[in-house]
Amino acid sequence: MLSTLFANTVLPSQCAVCHRWPSQQLCDACLQRFAGQRPRCPRCALPRTTSDDGQPGCPQCRSQDWALQACYAAVDYDYPWIDLIRRYKFERQSGYSEMLAPLLLSRPEVAQRLARLTPEDWLLPMPLSAQRLAERGFNQAWELAQVLHRRSGCRARLHGRLLIRIRHTEAQTRLDREQRLANVRGAFLVEPLLVPAVQGRTLILVDDVMTSGASLHAAARVLEQAGAARIEALVIARTPP
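Here the structure is a predicted model, which means the values were calculated and not measured. (Residues numbered from 1 in each chain as written. Predicted model: local features only at pLDDT ≥ 70, side-chain atom pairs only at ≥ 80, totals over all residues. Heavy atoms only, no water.)

### A look at the packing of helix H5 (residues 97–105) against helix H8 (residues 140–152)
Which entries qualify depends on this criterion: As a rule, the C-alpha atoms of each element are fitted with a line to give its axis, helices using only the stretch in contact, and angles between N-to-C directions run from 0 to 180 degrees. Here a strand is any run of E in DSSP of at least two residues, a helix any run of H or I of at least four, and the numbering for each starts at the N terminus. Oblique is the label for any angle not under 35 degrees, not over 145, and not in the 65 to 115 range, which are roughly parallel, roughly antiparallel and roughly perpendicular in turn. By convention, the crossing between two helices is left-handed when the near helix turns anticlockwise from the far helix through less than a right angle, and right-handed when the turn is clockwise. By the convention used here, residues are in contact when the closest approach between their heavy atoms is within 4.5 Å. Here the term charged refers only to Asp, Glu, Lys and Arg, the term nonpolar to Ala, Val, Leu, Ile, Met, Phe, Trp, Tyr, Cys and Pro, and the term polar to all other amino acids, Gly among them.
Running from N to C, H5 and H8 cross one another at 60°; their axes reach a closest spacing of 9 Å. Of the possible angle classes, the one that applies to H5 and H8 is oblique. The hand of the H5/H8 crossing is right-handed. Here Ser97, Glu98, Leu100, Ala101, Pro102, Leu104 and Leu105 of H5 lie close against H8, whose contacting residues are Glu143, Leu144, Val147, Leu148, Arg150, Arg151 and Ser152. Residue composition of the contact of H5 with H8, by class: eight nonpolar, two polar and four charged.

Quick look at the structure:
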């Protein structure tokens, strides 16, 4: 499955991880070593080592009042994905979206979830502030969402401006969880003219990394208040505990 997804991509001469040549963007050996599937909580996408107790979500997220009702992640935010995602975001390597999005599509639960979406549902990239967009030159979540939409063949509507970031915020990297939550409070808005189109619908947010989940949950809360029936998320990498 993994090799098929990557073989259909425009290929460079070296594997981005081990630099083996000739190769596809991620060679089979690196995919097998670093992108193996593991059980994850369906609510927060953290690795789950204990058996399912029949309850939705893990004990850690079950007690949280979250608007985000499910999250799917491809890999842990660990070596080698930290380096690849940083290059993608901060070195203007927008073409990496063709390498990273297939990691998500290789997860059967992700492919199945996208296949169930209807033309009335929405696939939404997490928005950047105007300042952050100018600094980076592109929105990595938008690039990922486009590849996921195209390669999965999902019927949901893809929109880059339904969810708007109305306030520039401090980078979350050095903040603890409570500071992250406060930092993104009031940072998002649903495009007023599109509010009726989200009511009663399923919306899937797309981002590159989920750490505390503060940004995704703040965005989900705004979408919930606009009347969305269900909000979920797809992320390439989940920061492990």
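### Quick notes on helix H6 (residues 108–116)
Let me state the cut-off plainly: Classification of residues uses two cut-offs on accessible area relative to the type maximum, computed with a 1.4 Å probe and protein chains only: under 20% is buried, over 50% is exposed, and between them is partly exposed. This arc is taken over the directions from the axis of the helix to the C-beta atoms.
All of the buried residues along H6 are Val110, Arg113 and Leu114. Taken end-on, H6 shows its buried residues confined to a sector of 95°, consistent with a single buried face. Across from the buried face of H6, at angles greater than 90 degrees, the exposed residues are Ala115 and Arg116. The secondary structure elements touched by the buried residues of H6 are strand E1 (70–76), H5, strand E2 (122–125), H8, strand E6 (202–210) and strand E7 (230–238).

### A short note on the pairing of E2
Counted only if it meets this: Strand pairing is assigned whenever DSSP identifies at least 2 bridges connecting the two strands.
Going residue by residue along E2, you find Trp122 and Leu124 tucked away on one face and Leu123 and Pro125 tucked away on the opposite face as well. Pairing between E2 and strand E3 (residues 157–158): two bridges, direction parallel. Looking at E3, one finds that Trp122 is bridged to Arg157.

### What to know about the pattern of salt bridges
Two side chains of opposite charge can pair, provided their charged atoms sit close to one another. How we decide: When a carboxyl oxygen of Asp or Glu is within 4 Å of a side-chain nitrogen of Lys or Arg, the pair counts as a salt bridge.
Summed over all chains, the structure comprises ten salt bridges. Where Asp76 meets Arg38, a salt bridge forms, and the shortest distance between an N and an O atom there is 2.4 Å. Residue Asp76 is found in strand E1, and its partner Arg38 is found in the loop between helix H2 (28–34) and helix H3 (59–62); the two are separated by 38 residues along the sequence. Relative accessible area serves as the criterion here: at 13%, Asp76 is assigned to the buried category. One salt-bridge network, in which partners are shared between bridges, spans Arg38, Arg40 and Asp76.

### Considerations on the environment of Ala226
Topologically, Ala226 is positioned in the loop between helix H11 (214–225) and E7. Distance in space between the C-alpha atoms of Ala226 and Leu194 is 9.5 Å, their sequence separation being 32 residues. Those residues in contact with Ala226, other than ones at most four positions away along the chain, are Val190, Val195, Val198 and Gln199.

### Let's talk about helix H4 (residues 81–90)
Buried within H4 are the following residues: Trp81, Leu84, Ile85, Arg87, Tyr88 and Lys89. Where H4 terminates, the next one or two residues include Arg92, which has phi positive at roughly 55°.

### Details of the packing of aromatic side chains
Definition in use: Aromatic pairing here means that ring centres of Phe, Tyr or Trp (its six-membered ring) are within 6.5 Å. Orientation follows from the plane angle: under 30 degrees is stacked, over 60 is edge-to-face, and everything else is tilted.
Enumeration according to the criterion identifies two aromatic pairs in this entry. Consider the rings of Phe34 and Tyr79, whose centres lie 5.5 Å apart with planes at 85°: the pair is edge-to-face. Pair noted here: Phe34 is in helix H2 and Tyr79 is in the loop between E1 and H4, with a separation of 45 residues, a long-range link.

### Observations concerning the sheet that holds E2
Strand order in the open sheet formed by five strands is E1-E7-E6-E2-E3, and the pairing between neighbours is parallel. Strands with a single pairing partner mark the edges of an open sheet, and in this sheet they are E1 and E3. Those strands touched by H6 are E1, E2, E6 and E7, and its axis lies near 145° from that of E7. Here H11 sits on the sheet in contact with E2, E6 and E7, set at roughly 165° to E6.

### Considering the environment of Pro119
Mapped onto the secondary structure, Pro119 falls in the loop between H6 and E2. The residues contacting Pro119, other than those within four sequence positions of it, are Arg155 and Arg157.

### A look at the environment of Leu124
In this fold, Leu124 is placed in strand E2. We classify Leu124 as buried; its relative accessible area is 0%. Residues Leu124 and His159, spaced 35 residues apart in sequence, show a C-alpha to C-alpha distance of 5.7 Å. In this structure, Leu124 is in contact with His159, Leu162, Leu203, Ile204, Leu205, Val206 and Leu223, ignoring residues within four places of it in sequence.

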